[in-house]
Every structure is written in C-alpha cells, then in structure tokens.
Amino acid sequence: MDESTRKAVELIRSIGKEFLRPLGLEADRSGRAIPADHPFYQLVASSGFMQRGIGSEYVANGLEKPTSHRPHSSFTNSTWARNVLVAEEGSYWDRGALVSLPGPGLGGPPVLQMGTPSQKERFLSIFKQKDRPLWAAFAMTEPSAGSDVAQIKTLARPDGDEWVLNGQKMFSSNSSRAEWVVVFASIDPSLGRLGHRAFVVERSFSGFEIVRIEHKMGIRAYETASFVLENCRVPAENMLGGEEYYNNKNKGGFTAAMSTFNATRPIVAAMGVGIARAAYDIARKYIIEEYPAHSLHRMRQARERLVEMQRQIANSRLLCLHAASLLDMGRPNALAASAAKQYSPPACLGVVQSAMDILGEAGITQNSLLEKLARDVKAIDIVEGTQQIQRRIVAKYIL
Ligand SMILES: Cc1cc2nc3c(=O)[nH]c(=O)nc-3n(C[C@H](O)[C@H](O)[C@H](O)COP(=O)(O)OP(=O)(O)OC[C@H]3O[C@@H](n4cnc5c(N)ncnc54)[C@H](O)[C@@H]3O)c2cc1C
C-alpha cells in the first residue's frame, strides 16, 4: 500500500472509530438518519474531507478525471483502488454513516463521466469550500424501473432554452439534503435507451420536491428519499455533456450511466467486505473468549467456519481491487466490476450469517453489533444492481 493510500485508510479508521460507529449505532436505535446540521458534518467539511472523501478525489485533483490512462501504475498508487480500500474500512465502522458523509457521493461519477469542463467546474468545485457540509445525489430508480433502468418514465421536454422534467424518482441516497441531484430522464420513451439524458437538478429549482424518506431495515444513518419532478424547469446548460454528447450514439445517456456503475460497483461491493470483516472480528473474539469452555468438536467446527469466512472476505476484496485497478489503468472493467458486485455481497451476507451462527443467541440481541450488521449488509446486495442482474451482465460477457 502506498503512503497516501495508507494515510487515507488510517484517516477513515480514526473517523470511523470516533464518529462513524457511534453515530451509526445512534441512528440505528433511533430510526433517524444523522441530522444534516450535526456538528460532525461541520467538522468533516472544515477538515476538507469533502474533496478527499470516497469518489471525491477528483475534486482535489483539479477536477481531472482520476481514471486517466496510467498503464503502468500499480493498484496501490491509484485512485479507484484507494477508494475501494477506504470504502471497506469506513464500512467496517459503519456503512450507513460512511454513505452519509458530505461530498458529491454517487452524483460525482456521472458529472465526471459526461459533464463538460465548465459543468465539472460548476458542480464539483463547490465541494472545495470548507464553510458548511454539502451533498449531491444520483437518481435513476423509479417506481417501475429498478433493475431495468431502460424503462425509466421521467420525461424531459424541451421548452426554449430550458427542459421541463416530469416524473418520480425513488431510493435516491442523500437527495433529501443534496445541493443538486443527477436525474436521468427520457426525451422520448420510444427511443428506448438512446432517449436517456442526464440533468443536474438543483435544490432551488421549483417543481423538485422530496415526498418521502424511507424507513429502512438497516443502514439508517443516511436518508434514502423519493422525490417528484412536477414541471421542473431545468436550464439547457444543466444537461450533462450538452446535446452534442448524446448525438454520438456510442455515448448515449444510458451507456454513460452504465459506465459510471463500472466505477461505483467495486466500491459498493467493498462496503460489504467492510461489514463482513466487522462480523468476522466479532465471531473471532467470541470464539477466543467463549469457546474454550465448550467441546472440542464445537471448537473445531467454529474454526473451520472462521477459515471459510476469512476466505470469502479475501476473495471479495481481491475482486473489488481487481475491478478498481483495471479502471485506474484505463482498461475495460465492466465484467470485473459486475463480477465483484455479483460475488462479494452474497459472500459477505454469508459471512455475517456464519458469525451469527457462531454467537448463537448472543448474536441476535440488540446489544450485539452483529444483529445490526446482519440488517445492514443486505442493502449491499441490492444497490447498484442486484446479484441476479450482475449474473446476467457477467454471462453476457462470458458468452
Ligand atoms: C438503500 C438503498 C439505496 C439506494 N440508493 C439509490 C440511489 O442513490 N440512486 C438510485 O437511482 N437508486 C438507488 N437505489 C435503488 C437500487 O438501485 C434498486 O433498488 C435496485 O436497482 C433494484 O431495483 P428494484 O428495487 O426496483 O428491484 P426490481 O428491479 O423490482 O427487482 C426485484 C427482484 O427481481 C430480480 N430481477 C429483476 N429483473 C431480473 C431479471 N431480468 N433477471 C433475474 N432477476 C431479476 C432482482 O434481482 C430482484 O431480486 C437504492 C436502493 C437501496 C435499497
């Protein structure tokens, strides 16, 4: 691990221990996300973390795309692989609190991927300021379009030098507190995927209204919201990339959205690794402290289980790092990203289940962090495409 990666992981570890874990637990018990005006976020903003956090390094790098072609760079000296390691470490302490951190979040990659230089400057440079915490978000999912994003129904109609957006979005993380949200809409559903366009909808635009914050089974520290767009007028300069971008058929909005997933899927999958590692540590400690009193047979079984858990964690981590490092080297990584997202979440779910088996009744009480981890880990399997969808993608590439 290179020096800057080591420092980034150490930083998130210290933030995790002191803030993410306790705040995540508090949010879980109360059922309410960490409030946007919590002093912790102010601290995060004033430390400059918004431009250093996960997926935000391009802000610090003068808004340059971090995936610049560096064929000879090793993964330990690269941005996306570092993001994977930071995501894992942060999620070890609390995945919900990690995702709640201010910064461009999932809104960053599409701006970076599709935005013109002036759009990157306008939308991403706000995260360089340290006065107050700021968030951005990403909204693709709709009530009738989750896995099959080609089915989105939100409509964008041109009107002079503006676009008028109408539709509903759901499950958009941090959108309830975002300065802007990247919204995917269709200019003509009969065009299918070629009709997709990405717009930056700013919080101040009229017609943009948050209608619901979900009550989730886990990862409660951040808000996942539904919103409506009702005759929401968006200036033409907020269409990511401008019309020219979409006239090039190889760069349709759909294709662009899909390629941002290639960057974010390994990161999300690594979050599962962090949760699994936390469960593994609890199980390991339990075996060391509690098991000697039990039979040799039980001890042997527990040891085998622990070895298998360790193997699943290591495999998952390697797949995530592999997918991210390909991206860092400027090489195609769609297959590797989906392979990581397909393998890691169910494997990590299995690790948490095994930890629960090892602890038995001690694992299901509210006093045990394990019970929370078991609820938190499931979401990893859903966000950024479920395991069934990843299998379809992997199969498409293999065949
Ligand atoms: C906590 C959380 C945060 C989220 N954050 C965001 C966000 O910030 N922005 C955003 O846009 N979205 C977000 N999402 C939405 C997420 O991306 C979708 O939930 C996900 O893509 C699945 O869509 P769906 O829930 O509509 O399930 P569906 O598409 O209805 O799928 C239901 C089930 O059917 C399976 N299935 C569907 N199609 C197929 C098929 N062809 N073959 C085999 N099986 C299939 C799926 O695997 C799944 O098991 C978030 C979701 C959660 C839970």
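Residues numbered from 1 in each chain as written. Predicted model: local features only at pLDDT ≥ 70, side-chain atom pairs only at ≥ 80, totals over all residues. Heavy atoms only, no water.

## Here we look at the overall build of the protein
At step 1: Across its full length, the protein holds 13 helices and seven strands.
At step 2: The C-alpha atoms of the protein give a radius of gyration of 21 Å, which matches the 21 Å a tight globule of 399 residues would have.
At step 3: Projected onto its principal axes, the C-alpha coordinates of the protein cover approximately 75 × 45 × 40 Å.
At step 4: Entry remark: accessible area of the protein is about 17400 Å², with carbon and sulfur atoms responsible for 54%. (Helix = DSSP H or I, 4+ residues; strand = E, 2+ residues; numbered from the N terminus. Rg over C-alpha atoms; globule rule 2.2 N^0.38 Å. Areas by Shrake-Rupley, 256 points an atom, 1.4 Å probe, with all protein chains shown as cover.)

## Notes on the packing of aromatic side chains
At step 1: Evaluation of the coordinates by the stated rule reveals twelve aromatic pairs.
At step 2: When the ring of F19 is compared with that of F40, the centres are 4.8 Å apart and the planes differ by 25°; the resulting orientation is stacked. Of the two residues, F19 is situated in helix α1 (residues 3-30) and F40 in helix α2 (residues 39-46); the sequence distance between them amounts to 21 residues.
At step 3: Judged by relative accessible area, which is 23%, F19 ranks as partly exposed.
At step 4: On the basis of an interplanar angle of 70° and a centroid distance of 6.0 Å, the ring pair of F138 and F261 is categorised as edge-to-face. Of this pair, F138 sits in strand β1 (residues 135-139) while F261 sits in helix α8 (residues 253-290), and the two are 123 residues apart along the sequence.
At step 5: Linked through ring pairs, F19, F40, Y41 and W135 together constitute an aromatic cluster.
At step 6: Across the ring face of Y222, the terminal group of K216 is positioned such that the distance to the ring centre comes to 3.8 Å.
At step 7: Residue placement shows R298 over the ring face of Y291; its charged tip is 4.5 Å from the ring centre. (Phe/Tyr/Trp six-rings, centres within 6.5 Å; stacked < 30°, edge-to-face > 60°. Buried < 20%, exposed > 50% of the residue type's maximum accessible area, 1.4 Å probe, protein only. Lys NZ or Arg CZ within 6 Å of the ring centre and 35° of its normal.)

## Examining the site of the ligand
At step 1: Near the ligand there are 20 residues, and of these T141, S147, F171, T386 and Q388 occur at the shortest range.
At step 2: Between the ligand and the protein, one listed contact pairs an oxygen atom with a backbone N or O atom of M140 at 2.8 Å.
At step 3: Here T386 contributes a side-chain N or O atom positioned 2.5 Å from an oxygen atom of the ligand.
At step 4: The protein chains hide 67% of the 980 Å² of surface that the ligand would expose on its own.
At step 5: Where the shell around the ligand is concerned, the elements lending two or more residues are β1, β3 (162-173) and α13 (387-398).
At step 6: Residue-level mapping places the shell around the ligand at the junction of two domains, with at least three residues from each of domain 2 (135-250) and domain 3 (253-398). (Near = heavy atom within 4 Å. Polar contact = N/O pair within 3.5 Å; in protein donor to acceptor, adjacent residues only side chain to side chain. Domains from an automatic or database assignment.)

## What about helix α12 (residues 369-382)?
At step 1: For α12, the buried fraction is high: twelve of the 14 residues fall into the buried class.
At step 2: Those residues of α12 not exposed but buried are L369, L370, E371, K372, L373, A374, R375, D376, V377, A379, I380 and D381.
At step 3: If you check the start of α12, you find a side-chain oxygen 3.0 Å away from the backbone N of L370, and it comes from S368.
At step 4: E384 sits one or two positions beyond α12 and adopts a positive phi of about 60°.

## A few points about empty space enclosed by the protein
At step 1: Across all of its chains, the model carries one cavity of 30 Å³ or more by this definition.
At step 2: When its volume is computed, the largest cavity comes out at roughly 40 Å³.
At step 3: Along its surface, the largest cavity is lined by R21, S91, Y92, W93, D94, R95, I275, L369, K372, L373 and D376.
At step 4: Secondary structure elements with two or more residues in the lining of the largest cavity: α4 (79-99) and α12. (1 Å grid on protein atoms, 1.4 Å probe; cavity = no way out; pocket = protein on both sides within 12 Å on 5 of 7 lines; lining within 4 Å. Points joined across faces, edges and corners; volume = space filled by probe spheres on them.)

Function cannot be inferred from these measures alone, as they are strictly geometric.
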